[in-house]
Each structure stands twice: as structure tokens, then as C-alpha cells.
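So the chains spell out like this:
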Amino acid sequence: MNTKEKLLISAKKIFSEKGYHDTKVSDIVEDAGVAQGTFYIYFKSKEDIFKELIFSINEKIFKEIENCCNAEEDAENILKNIVNKIANCIYENKEIVSIFLFQMICLNEDFKKIYIQKMLKLKDYILQIVKKGINQKKFRYNNEEVIANIIIGSIRQNFLELILTDNKTKEEFGNLLEESLNIVLKGIK
């Protein structure tokens, strides 16, 4: 593991424990076992390393989504696989995603832009799959934008509940998202 990876792992750990505002660069480097000057070789600031964490989570999610979209399956199975992959990734990174949603979007225009950009990208993928389902005659309701918004809204609402109550296991969270999607799919078939 290289130094940058050590710093990212430590940053994820410390941000998850202390939150964004209470985390200091000195906390991160101490946990990583590197000198403070070393931090600045790789990152300009605490904000910069936090952005890197967000980008890596997004990259993982969208790589999984692309793999699902490229599978030779019907639209319903692709949507189920995507929701499952999103559930796993969000749950594994729930503290960082929580900080991003509750602390950073409200305080920082860059983070707000990142959020909007990634949500629009997710919506584009969902729209493609819903259009595929309509073309395959799997879905009879043909307003793909409404369907995409309902699916994304369901993911967002279930995630917010997970973060605010912190009372679900990874399996329970995944099952809840899957059940929510199944209800949507029943309504559009």
C-alpha cells in the first residue's frame, strides 16, 4: 500500500469517527503514520482529501452501474442489480456519504455541484435502462423520467432513514431498497 492510499484509508477512518469539521490534517497523518508535510505532497487540504474520498466512492458506484448496464439482461434485472450495488456501496461508506450529504453540500458550492453532477449521471443511467424496458415491452408506463425520479427518490429516502436512525444492517438496508424497487416495478409493468 502506497502513502496516498494510507492517507485515504486514515482519512476515511478519522472522518467517519469525528466528522468533517472536527477532523484535522494532523489526525489523519498521525493515524497513517506519516509526517504532516507528506500529506501536502498528495493533497492541498482536508477538503481536497475529502473530495478524493467522494470521487473514489462515486467512481466505484458508477463502475458497478456500467457493468450492470453492459450485462445482457432485461431492464428489470439490470435495475435490481444496480440498486443492489448502490445499496452495498452506500452502506459500506455510509459515514462518508452522510458527511457529504449533511455537512458539505450545504456549506460548499463545489460539493453541491459534485452532488448534482453525480445525481444527473445516475438519472441518465436509470433513464437508459427504463427506456430499454419500455422498448422491450417489459414496462407499460412510458414516462421514463417519472420512473427514474421515483427510483432515485426511493434510494435517497431509504439512505436518509439509514443515516438518521442507524438501525439497519447491510442486509436489511439492501432488502428495503430491493422491496422499494419491486413496488415501483409492479406499478409500471
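Residues numbered from 1 in each chain as written. Predicted model: local features only at pLDDT ≥ 70, side-chain atom pairs only at ≥ 80, totals over all residues. Heavy atoms only, no water.

K.L.:
Residues and numbers for the overall build of the protein, please.
P.N.:
The number of helices and strands found in the protein is 9 helices and 0 strands. Each helix and strand of the protein, ordered N terminal to C terminal, gives the series α-α-α-α-α-α-α-α-α. By its C-alpha atoms, the protein is 60 × 30 × 30 Å across when sized along the principal axes. The buried share of the protein, reckoned over its 189 residues, is 44%. Nonlocal contacts in the protein, meaning residues at least 24 apart in sequence, comprise 67% of its contacts between residues at least 6 apart. For the protein, the distance from the average position of its 29 positive side-chain charges to the average position of its 29 negative side-chain charges is 3 Å. (Helix = DSSP H or I, 4+ residues; strand = E, 2+ residues; numbered from the N terminus. Buried < 20%, exposed > 50% of the residue type's maximum accessible area, 1.4 Å probe, protein only. Contact = heavy atoms within 4.5 Å. Lys, Arg positive; Asp, Glu negative; His and termini not counted. Charge placed at Lys NZ, Arg CZ, Asp CG, Glu CD.)

K.L.:
Give me the packing of helix H1 (residues 3–18) against helix H4 (residues 46–69): which residues, what numbers.
P.N.:
Across the interface, H1 lies against H4 with an axial gap of 10 Å and an inter-helix angle of 95 degrees. Compared by their axis directions, H1 and H4 come out roughly perpendicular. Together, Lys4, Leu7, Leu8, Ala11, Lys12 and Phe15 of H1 and Lys46, Ile49, Phe50, Glu52 and Leu53 of H4 make up the contact between the two elements. Per-class residue counts for the contact of H1 with H4 are 7 nonpolar, no polar and 4 charged. (Axes fitted to C-alpha atoms, helices over the stretch in contact; angles between N-to-C directions. Parallel < 35°, antiparallel > 145°, perpendicular 65-115°, else oblique. Nonpolar A, V, L, I, M, F, W, Y, C, P; charged D, E, K, R; others polar.)

K.L.:
An account of the layout of surface pockets is needed here, citing residue identities and associated values.
P.N.:
When its volume is computed, the largest pocket comes out at roughly 260 Å³. A total of 4 residues in the lining of the largest pocket trace back to one element, the largest contributor, which is H4. A class-by-class count of the residues in the lining of the largest pocket yields 4 nonpolar, 2 polar and 3 charged. (1 Å grid on protein atoms, 1.4 Å probe; cavity = no way out; pocket = protein on both sides within 12 Å on 5 of 7 lines; lining within 4 Å. Points joined across faces, edges and corners; volume = space filled by probe spheres on them.)

K.L.:
Any details on the pattern of salt bridges? Residues and values, ideally.
P.N.:
Side-chain pairing between opposite charges can occur once the charged atoms of the two side chains come close. Evaluation of the coordinates by the stated rule reveals 13 salt bridges. Its salt-bridge partner being Asp74, residue Lys138 comes within 3.7 Å of it at the nearest N-O pair. In this pair, Lys138 sits in the loop between helix H7 (109–135) and helix H8 (144–165) while Asp74 sits in the loop between H4 and helix H5 (75–92), placing the two residues 64 residues apart along the sequence. Owing to a relative accessible area of 39%, Lys138 belongs among the partly exposed residues under this scheme. Its relative accessible area of 21% is what places Asp74 among the partly exposed residues. (Salt bridge = Lys/Arg side-chain N within 4 Å of Asp/Glu carboxyl O.)

K.L.:
Which residues make up the nonpolar core, and what values do they have?
P.N.:
Ranked by size, the top nonpolar core spans 64 residues in total, and within it Phe15 and Phe50 carry the most contacts. Within the residue set of this core, elements represented by two or more residues are H1, helix H2 (25–32), H4, H5, helix H6 (94–107), H7, H8 and helix H9 (170–188). Discounting chain neighbours no more than four positions away, the residues touching Phe15 are Tyr20, Thr23, Ile28, Lys46, Ile49, Phe50, Leu53, Ile96 and Ile99. (Core = buried A, V, L, I, M, F, W, Y, C linked by side-chain atoms within 4.5 Å.)

K.L.:
An account of the confidence of the model for the protein is needed here, citing residue identities and associated values.
P.N.:
Looking at the protein as a whole, its pLDDT mean stands at 91, while 100% of the residues score no less than 70. Per-element averaging of pLDDT across the protein places H6 at the bottom with 83 and H2 at the top with 97. (pLDDT = per-residue confidence, 0-100.)

K.L.:
A description of the packing of aromatic side chains should follow, citing residues and the corresponding values.
P.N.:
All told, the structure shown has 10 aromatic pairs when counted by the stated rule. Between Phe50 and Phe111, the aromatic rings sit 5.7 Å apart at their centres with planes inclined by 65 degrees, giving edge-to-face as the arrangement. Placement of the pair is Phe50 in helix H4 and Phe111 in helix H7, with a sequence separation of 61 residues. The class of Phe111 is buried, set by a relative accessible area of 0%. With a centroid separation of 6.2 Å and an interplanar angle of 35 degrees, the aromatic rings of Tyr91 and Phe173 are classed as tilted. Pair noted here: Tyr91 is in helix H5 and Phe173 is in helix H9, with a separation of 82 residues, a long-range link. (Phe/Tyr/Trp six-rings, centres within 6.5 Å; stacked < 30°, edge-to-face > 60°.)

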